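Residues per chain, in single letters:
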Amino acid sequence: MGANIILYDRIWMNDYIEHLEYQRNLLRLMEQYLQSEKMNALPEMQMSYVAVLPQCRELAKSLEIMEKTLKEYLEKVQNTAIRFQKQCQEIELPVFLAVD
């Protein structure tokens, strides 16, 4: 049962990481669109774009940090699960519990 939970968590976490990456890419596209629209906007409207663009960059940075953190966490959990599995396999059962 423990291995199934670890596998489920790994699948779920990978999906979540992919979703964060997708959101970051969407945000990058939005930022590019806003940049190009800022260039075409009337001078009095450009200030609105100037106010929004740094917030887009900040959000993108936040998503990137979350993605990196989750990838690192997942890697450490996977390494720990492998180490734990190996340790469990190395445990010797007492003779009276051994299955013949």
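Heads up: the structure comes first, above all this text.
Read on for a plain summary of the structure. (Residues numbered from 1 in each chain as written. Predicted model: local features only at pLDDT ≥ 70, side-chain atom pairs only at ≥ 80, totals over all residues. Heavy atoms only, no water.)

1. Re the side chain of E31
At step 1: Here E31 lies in helix 1 (residues 2-40).
At step 2: The exposure class of E31 is buried, given its relative accessible area of 16%.
At step 3: Of note is the side chain of E31, whose polar atom sits 2.9 Å from the side chain of R57.
At step 4: If sequence neighbours within four positions are ignored, E31 has contacts with L53 and R57. (Helix = DSSP H or I, 4+ residues; strand = E, 2+ residues; numbered from the N terminus. Buried < 20%, exposed > 50% of the residue type's maximum accessible area, 1.4 Å probe, protein only. Polar contact = N/O pair within 3.5 Å; in protein donor to acceptor, adjacent residues only side chain to side chain. Contact = heavy atoms within 4.5 Å.)

2. Here's the deal with a nonpolar patch on the surface
At step 1: A contiguous nonpolar patch, built from W12, Y16 and M66 and spanning about 290 Å² of accessible area, is present on the exposed surface.
At step 2: By secondary structure assignment, the location of W12 is in helix 1. (Patch = residues over 30% accessible without salt bridge, like charges linked within 9 Å, V, L, I, M, F, W, Y side chains within 5 Å. Areas by Shrake-Rupley, 256 points an atom, 1.4 Å probe, with all protein chains shown as cover. Salt bridge = Lys/Arg side-chain N within 4 Å of Asp/Glu carboxyl O.)

3. A closer look at the packing of aromatic side chains
At step 1: The final tally for this structure, using the stated rule, is one aromatic pair.
At step 2: Look at W12 and Y16: their rings are 5.7 Å apart centre to centre, the planes differ by 10°, and that puts the pair in the stacked class. Here W12 and its partner Y16 are both found in helix 1, four residues apart, which amounts to about one turn of the helix.
At step 3: With relative accessibility at 45%, the residue W12 sits in the partly exposed group.
At step 4: Taking relative accessible area as the criterion, Y16 reaches 33% and is therefore assigned partly exposed. (Phe/Tyr/Trp six-rings, centres within 6.5 Å; stacked < 30°, edge-to-face > 60°.)

4. Quick word on the pattern of salt bridges
When charged atoms on two side chains of opposite charge get close, those side chains can pair.
At step 1: Under the defined criterion, the tally for this structure stands at four salt bridges.
At step 2: Close ionic contact of E67 with K71 constitutes a salt bridge, the shortest N to O distance being 3.2 Å. Residue E67 and its partner K71 are both found in helix 2 (residues 43-90); the two are separated by four residues, about one turn of the helix.
At step 3: According to the relative accessible area criterion, E67 is buried, its value standing at 3%.

5. Quick notes on the environment of N40
At step 1: Inspection of the secondary structure puts N40 in helix 1.
At step 2: Since its relative accessible area comes to 63%, N40 is described here as exposed.
At step 3: Engagement of the side chain of N40 in a polar contact is seen with the backbone oxygen of S36, the distance being 3.3 Å.

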